[in-house]
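Residues per chain are reported as follows:
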Amino acid sequence: MKIPYSWLKEFIDTRLSPVQTQEALTMAGVEVSSCRFLGEGFDSVVTARILEMAPHPNAERLSLCKVTDGSTTFGIVCGAKNMKPGDAVALAKIGARLPNGMEIKKAKIRGQASEGMLCSEQELKLAEASAGIMVLPGDTVPGTPLADALGLSDWLLEVEITPNRGDCLSVLGVAREIASITGEKVVLPDASFKEEGEPIGEWVRISVSDPDLCPRYTARAISGVTIAPSPDWMRRRLTLCGIRPINNIVDVTNYLLLEVGQPMHAFDLDRLRGARIDVRAPKETVTFTTLDGSERKIDPGMLLIRDAEGPVAVAGVMGGANSEVVDGTTRVVFESAHFSPPAIRRTAKRLGLSSESSYRFERGVDPAGTVYAADRAVSLLSRFAAVTVARGCIDLGAGNVTPRTVLFRPERATRIMGKVYAPEACLEIFGRLGFPVEDPGTGTWNVTVPTYRFDIEREIDLVEEIARLSGYDAIPTTYPESKAPEFSGDDRFVDIQERAFDFLRGRGFSQSVNFSFVASRTWERLGAFLGFDPADAVRLMNPISGETTLMRPHLLTGLLSNASDNARRFVEDVRLYEAGKAYGKSHVEGHFEEPRLGVILCGKRLPGDWSGADALADFFDMKGVVEPLLLHLCASPVHVVPTRLRPFFEEGKAADILRDGEVVGWFGAIRKELLAWYELTGPVFYGEIRLLKATASPPPPRRFAPLPKFPPVFRDLACVFPAGVPVGDVLAMVREVSPEVDEAGVFDIFTGEKIGEGNKSVGIRVKLQPQDRTLTEPEVHSIHSKIVDLLENRFGGKIRTS
């Protein structure tokens with residue numbers, strides 16, 4: 001927010017210079033990002049009056065002008081045509097350096113001497129463009145420094161207001177903040193005027209049907225209005241603050257918005273049907289055209305200002321085209337109200353419509369200031385326009401305005417901030433803030449908070465006020481005493497997660513971080529492939545964009561997007577992991593919110609090198625990641641079984657991971673339809689682990705054994721199985737045949753015509769490792785026979801002899 005320093009001085013006659021004001025406000029927590037002198041570049045620019053004008057003898061488009069600054073006459077060659085003798089203009093004398101960087105020198109133009117330059121608004125950087133030189137008001141005194149004549153011998157402060165300090169979104173609010181720092185007194189400008197019209201109730205009737213959404217509504221009415229430009233001083237201030245002047249009525253409302261922070265609206269009283277105003281939310285959806293010409297859909301719950309027949313404004317956001325002030329307006333109703341901040345925030349968000357008014361109402365506008373703002377608007381207007389003011393004002397809900405009382409303990413401030421704050425110092429600060437204090441003698445004070453301070457709700461807020469106005473730089477550096485916290489479940493989970501990250505980083509994976517919400521259109525189009533009904537998704541009521549409407553049911557889509565982004569940047573070998581929560585609803589668990597770990601793998605199995613090792617990663621590479629990862633986390637074996645329950649995987653290339661009979665994860669090859677959607681060409685493999693489920697039960701105790709003293713025995717078997725027999729189940733059963741079976745693994749798999757269609761040949765190597773003796777040939781043969789019986793009778797296998 002931009003504030004001229006001279007405007008501040010009208011509210012508080014502070015001893016601080018502009019630069020000191022900037023520093024004091026910033027150190028108190030209200031940042032002033034810039035403080036600049038407006039008259040920079042105007043040092044040798046003065047007002048002058050044109051005495052004579054004559055054509056240039058050597059150039060048709062130029063004129064010879066004689067101008068005076070009241071003491072000296074100057075000859076100027078000028079190309080503009082918009083002025084005449086007697087006009088007051090801006091004269092840049094020789095040696096002046098203008099704000100646009102131009103330096104004025106004595107020169108001859110087509111043979112005629114020019115002793116300066118008549119300036120335009122554009123050359124003085126007072127406007128983006130101008131049609132000619134700047135013509136000043138006729139009563140301007142020649143020789144006056146231009147900065148003084150335009151009110152630019154001033155400083156402009158740009159204040160950055162945080163969302164909780166809506167009370168500082170005005171000149172009055174910043175003046176109060178200065179007073180709280182310096183102890184100086186704030187004085188409100190005069191708001192007096194004469195009431196010479198009929199009672200306001202004879203002109204307009206006003207009611208509030210939804211007082212919860214509009215706790216206070218104040219109105220003043222005037223007649224005899226003539227729509228015209230505002231005075232130069234008002235137009236100049238509005239322009240400096242970034243608001244375009246429109247006309248005297250609208251400019252007054254905008255002026256009050258900046259001056260006291262009260263958004264106001266002016267209705268053309270003759271365009272209010274039935275001379276009636278009612279503040280209420282519609283019961284059903286209606287359409288309404290706002291001042292910007294857009295047709296808006298107003299849903300139930302959005303507050304409207306209505307006349308006898310329909311809407312005339314969206315309360316606190318924007319007025320309507322059907323009641324705006326126009327050139328022929330003669331009677332006006334000024335609205336000055338307090339609307340519920342959450343209601344205005346919801347309305348502005350749903351309509352996608354933000355205005356200076358809604359910006360302030362969302363952060364809280366002083367409900368006790370509505371009458372003063374309405375009176376000040378009428379008072380200002382009556383000073384430069386002949387209007388008749390209706391007697392009295394309409395003020396609905398004045399009884400709803402009560403200041404808040406907050407309990408405060410001085411010793412609490414000392415304990416929290418680590419600095420001693422004497423009760424007398426606290427009282428003095430509350431006095432500067434304008435917070436009355438009642439001390440019943442119990443050590444706890446009753447502090448009354450003014451209605452404009454919406455940010456003060458609890459004792460800790462008062463502690464913050466004491467700290468910031470005593471000076472943040474005065475708070476000493478102290479270290480709190482603490483004991484090491486007891487080990488908790490959360491600590492254990494963090495440890496598990498970090499161990500997983502370390503494991504994956506050690507295998508060449510990089511961490512990815514994605515939003516927990518996803519686009520609904522992705523799930524609606526790909527729901528059949530993603531294995532989740534969009535109807536079961538957790539939907540956001542107020543998403544920040546169309547890309548963030550659902551909470552993700554698993555981590556797959558985020559990692560697929562990451563792989564796709566890498567592929568578009570010619571990075572085809574991707575190894576990524578992400579830890580985050582999945583959300584949704586299932587028939588088994590109901591609504592869930594579960595931490596998971598997702599892993600994605602595509603591209604080459606190993607980095608390419610001179611040896612030509614460029615084989616692509618496959619299903620078993622992913623299995624070789626998730627299986628040892630789970631073993632690393634829970635120190636107990638898991639069981640991998642084929643699955644058809646994950647539609648995002650290719651059939652026959654998908655598996656569930658079981659621990660103690662419960663599914664704790666899954667992995668597989670992503671199906672081609674999803675790869676096409678994400679513009680991925682090669683095979684992509686994905687795994688996801690339910691971290692809490694995988695580590696829910698404690699791991700079995702670790703067992704240590706001495707190095708074997710006796711030699712092992714190896715036996716290889718080649719067995720033909722039906723193609724659907726899971727090899728993992730076979731190996732698990734082989735390991736249970738005898739205590740001497742130490743390891744069992746696959747060394748070969750073969751399919752082809754020689755073994756018959758629908759079959760596969762699996763080569764199994766078994767390691768027998770006794771701990772207390774050397775195995776004899778009969779013992780080895782006995783174990784071998786048991787394994788053969790198991791393969792043939794349990795799994796339908798047939799031992800190959802050749």
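Structural data are supplied above this passage.
S.K.: Looking at this structure, how should I read the overall build of the protein chain?
M.R.: Helix and strand content of the protein chain: 20 helices and 40 strands. Over its C-alpha atoms the protein chain spans a radius of gyration of 40 Å, topping by over 25% the 28 Å that the globule rule assigns to 802 residues. In terms of principal-axis extent, the alpha carbons of the protein chain reach across some 130 × 85 × 60 Å. Relative to its 802 residues, the protein chain shows a buried fraction of 47%. Taking as baseline every contact in the protein chain between residues at least 6 positions apart, the subset at least 24 positions apart corresponds to 69%. Charged side chains in the protein chain number 94 positive and 107 negative. The centres of these two groups are separated by 2 Å.

S.K.: Before we go on, may I ask you to explain the packing of helix α2 (residues 18–27) against helix α4 (residues 171–182) in this structure?
M.R.: The description of two packed helices rests on the angle between their axes and on the distance between the axes. Relative to each other, α2 and α4 sit at 80 degrees, their axes nearing to 10 Å. Between α2 and α4, the interaxial angle falls into the category roughly perpendicular. Residues Thr-21, Ala-24 and Leu-25 of α2 lie in contact with α4, whose contacting residues are Val-174, Glu-177, Ile-178 and Ile-181. Split by residue class, the contact of α2 with α4 holds five nonpolar, one polar and one charged.

S.K.: Mind showing me how you'd approach the nonpolar core here?
M.R.: Burial of nonpolar side chains together is a common tendency in soluble globular proteins. Judged by nonpolar contacts, the single largest core of 50 residues is most densely connected at Leu-8, Ile-222, Ile-249, Leu-256, Val-332, Phe-334 and Leu-381. Non-local contacts of Leu-256, meaning those with residues more than four positions away in its chain, are made with Gly-261, Gln-262, Met-264, Ala-373, Arg-376, Ala-377 and Leu-380. Judged by nonpolar contacts, the second largest core, of 38 residues, contains Ile-200, Val-204, Leu-213 and Ile-344.

S.K.: Can you walk me through the sheet that holds strand β1 (residues 2–4) in this structure?
M.R.: Working definition: the strands of a sheet are paired by backbone hydrogen bonds and lie parallel or antiparallel to each other. The sheet built from three strands is open, its strands ordered β1-β11-β2 with antiparallel pairing. A single partner strand is all that each edge strand has here, and the edge strands are β1 and β2 (31–37). Going from strand to strand, the sheet's axes swing by 25 degrees on average, the running direction of each strand aside. With three bridges joining them, β1 and strand β11 (residues 155–160) adopt antiparallel strand pairing. Each residue of the ladder has a partner; that of Lys-2, found in β11, is Glu-158. Most of the contacts of α2 go to β2, to which it runs at about 175 degrees, and overall it touches β2 and β11.

S.K.: Even after reading the chapter, I still don't get empty space enclosed by the protein, so can you show me in this structure?
M.R.: Empty pockets left among the atoms are what a rolling probe the size of a water molecule brings to light. For the coordinates displayed, the defined rule picks out one cavity of 30 Å³ or more. The calculated volume of the largest cavity comes to roughly 30 Å³. In this structure, the largest cavity is lined by Gly-29, Val-30, Glu-160, Ile-161, Thr-162, Arg-165 and Cys-168. The class makeup of the residues in the lining of the largest cavity is three nonpolar, two polar and two charged.

S.K.: What is the right way to read helix α14 (residues 520–530) from this model?
M.R.: Each turn of an α-helix holds 3.6 residues, which means side chains three or four residues apart point in the same direction. Listing the buried residues of α14 in full gives Ser-520, Thr-522, Trp-523, Leu-526, Gly-527 and Leu-530. For α14, the arc enclosing every buried residue in end-on projection is 165 degrees, short of the 170-degree limit, so these residues lie on one face. Those residues of α14 that are exposed and angled more than 90 degrees off the buried face are Arg-525 and Ala-528. Lining the buried residues of α14 we find β28 (517–518), β29 (538–539), β30 (550–551), α15 (556–568) and α17 (672–677). Directly beyond the C-terminal end of α14, a positive phi value near 75 degrees is found at Gly-531.

S.K.: What am I meant to see in the pairing of strand β37 (residues 713–722) here?
M.R.: Side-chain direction in a regular strand flips from residue to residue, so the side chains alternate between the two faces of the sheet. Across ten bridges, the pairing between β37 and strand β39 (residues 759–768) is antiparallel. Bridge pairing in β39 places Val-720 opposite Ser-761. Inspection of the sheet shows β37 paired to strand β40 (residues 798–799) by two bridges, in the antiparallel sense. Bridging across to β40, Cys-719 finds its partner in Ile-799.

S.K.: Whenever I open this one, the packing of aromatic side chains confuses me. Can you help?
M.R.: Two numbers describe a pair of aromatic rings. These are the distance of the centres and the angle of the planes. With the rule as written, the count across this model stands at 13 aromatic pairs. On the numbers, 5.2 Å between centres and 85 degrees between planes, the contact of Phe-408 with Phe-430 is edge-to-face. Here Phe-408, found in strand β24 (residues 404–408), pairs with Phe-430, found in helix α11 (residues 423–433); they are 22 residues apart in sequence, far enough to count as distant. As far as burial versus exposure is concerned, Phe-408 and Phe-430 are alike and both buried.

S.K.: I'm lost on the environment of Pro-145 in this one. Help?
M.R.: Relative to the helices and strands, Pro-145 resides in the loop between β10 (135–136) and α3 (146–149). Overall, the relative accessible area of 38% leaves Pro-145 in the partly exposed class. C-alpha separation for the pair Pro-145 and Val-741, spaced 596 residues apart in sequence, amounts to 104 Å. Those residues in contact with Pro-145 that lie beyond four places of it in its chain are Val-45 and Val-46.

S.K.: Help me understand the sheet that holds β28 in this model?
M.R.: In spatial order, the strands read β28-β30-β29; together these three strands make up an open sheet with antiparallel pairing. Either end of the sheet is taken by a strand with one partner, and the two such strands are β28 and β29. Where β28 meets β30, two bridges bridge the pair, whose relative direction is antiparallel. Following the sheet pairing, Phe-517 is matched in β30 by Met-551.

S.K.: Where do I start with the side chain of Thr-253 in this structure?
M.R.: Structurally, the position occupied by Thr-253 is in helix α6 (residues 248–260). By relative accessible area, which is 6% here, Thr-253 ends up buried. Filtering out sequence-adjacent residues up to four positions away, Thr-253 remains in contact with Met-264, His-265, Ala-266 and Phe-334.

S.K.: Explain α4 here, please?
M.R.: Helix length check: α4 (twelve residues) gives 16 Å between terminal C-alpha atoms against 16 Å at 1.5 Å per residue, within 8%. Counted residue by residue, α4 has ten buried out of twelve residues, so it is predominantly covered. Those residues of α4 not exposed but buried are Val-171, Leu-172, Gly-173, Val-174, Ala-175, Glu-177, Ile-178, Ala-179, Ser-180 and Thr-182. Turning to α4, the residues buried within the fold contact β1, α1 (5–11), α2, α6, α11 and α12 (459–470). Positive backbone phi, approximately 85 degrees, marks Gly-183, located one or two places after α4.

S.K.: Would you mind showing me how to read the side chain of Thr-290 here?
M.R.: By the secondary structure assignment, Thr-290 is in the loop between β16 (286–289) and β17 (295–298). The exposure class of Thr-290 is buried, given its relative accessible area of 0%. A distance of 3.4 Å separates polar atoms of two side chains, one belonging to Thr-290 and the other to Arg-296. Every residue in contact with Thr-290, bar those within four places of it in the chain, is listed here: Arg-296, Val-314, Met-318, Gly-319, Gly-320 and Ala-321.

S.K.: Explanation requested: the state of the cysteines in the structure shown.
M.R.: Cysteine pairs can be linked by a disulfide, which is a covalent bond between their two sulfur atoms. In this structure the tally under the stated criterion is zero disulfides. Of the cysteine sulfurs around Cys-78, a residue in no disulfide, the closest is that of Cys-65, at 5.2 Å.

S.K.: Which parts of the structure should I look at to understand the layout of surface pockets?
M.R.: By volume, the largest pocket is sized at about 1700 Å³. If you go around the largest pocket, you meet 44 residues; those closest to its centre are Lys-623, Glu-627, Val-727, Gly-728 and Leu-731. Put simply, the parts of the chain that give the lining of the largest pocket at least two residues each are α16 (619–634), β33 (639–642), β34 (649–659), α19 (727–735), β38 (741–750) and β39. For the lining of the largest pocket, the element with the highest residue contribution is α16, accounting for seven residues. For the second largest pocket, the calculated volume is near 1100 Å³.

S.K.: What's the story with the pattern of salt bridges in this structure? I'm lost.
M.R.: Where charged atoms from two side chains of opposite charge approach closely, those side chains can pair. Taken as a whole and assessed by the stated rule, the structure comprises 52 salt bridges. Residues Glu-465 and Arg-468 are paired through a salt bridge, measuring 3.0 Å at the closest nitrogen-oxygen approach. In this pair, Glu-465 and Arg-468 are both assigned in helix α12, three residues apart and thus about one turn of the helix distant. Judged by relative accessible area, Arg-468 falls into the buried class, the value being 5%. A salt bridge links Arg-568 to Asp-565, with the shortest nitrogen-to-oxygen separation between them at 2.5 Å. Here Arg-568 and its partner Asp-565 are both found in helix α15, three residues apart, which amounts to about one turn of the helix.

About the thresholds
- Residues numbered from 1 in each chain as written.
- Predicted model: local features only at pLDDT ≥ 70, side-chain atom pairs only at ≥ 80, totals over all residues.
- Heavy atoms only, no water.
- Helix = DSSP H or I, 4+ residues; strand = E, 2+ residues; numbered from the N terminus.
- Rg over C-alpha atoms; globule rule 2.2 N^0.38 Å.
- Buried < 20%, exposed > 50% of the residue type's maximum accessible area, 1.4 Å probe, protein only.
- Contact = heavy atoms within 4.5 Å.
- Lys, Arg positive; Asp, Glu negative; His and termini not counted.
- Charge placed at Lys NZ, Arg CZ, Asp CG, Glu CD.
- Axes fitted to C-alpha atoms, helices over the stretch in contact; angles between N-to-C directions.
- Parallel < 35°, antiparallel > 145°, perpendicular 65-115°, else oblique.
- Nonpolar A, V, L, I, M, F, W, Y, C, P; charged D, E, K, R; others polar.
- Core = buried A, V, L, I, M, F, W, Y, C linked by side-chain atoms within 4.5 Å.
- Pairing = 2+ DSSP bridges.
- 1 Å grid on protein atoms, 1.4 Å probe; cavity = no way out; pocket = protein on both sides within 12 Å on 5 of 7 lines; lining within 4 Å.
- Points joined across faces, edges and corners; volume = space filled by probe spheres on them.
- Arc of directions from axis to C-beta.
- Phe/Tyr/Trp six-rings, centres within 6.5 Å; stacked < 30°, edge-to-face > 60°.
- Expected span 1.5 Å × (residues − 1).
- Polar contact = N/O pair within 3.5 Å; in protein donor to acceptor, adjacent residues only side chain to side chain.
- Disulfide = S-S within 2.5 Å.
- Salt bridge = Lys/Arg side-chain N within 4 Å of Asp/Glu carboxyl O.

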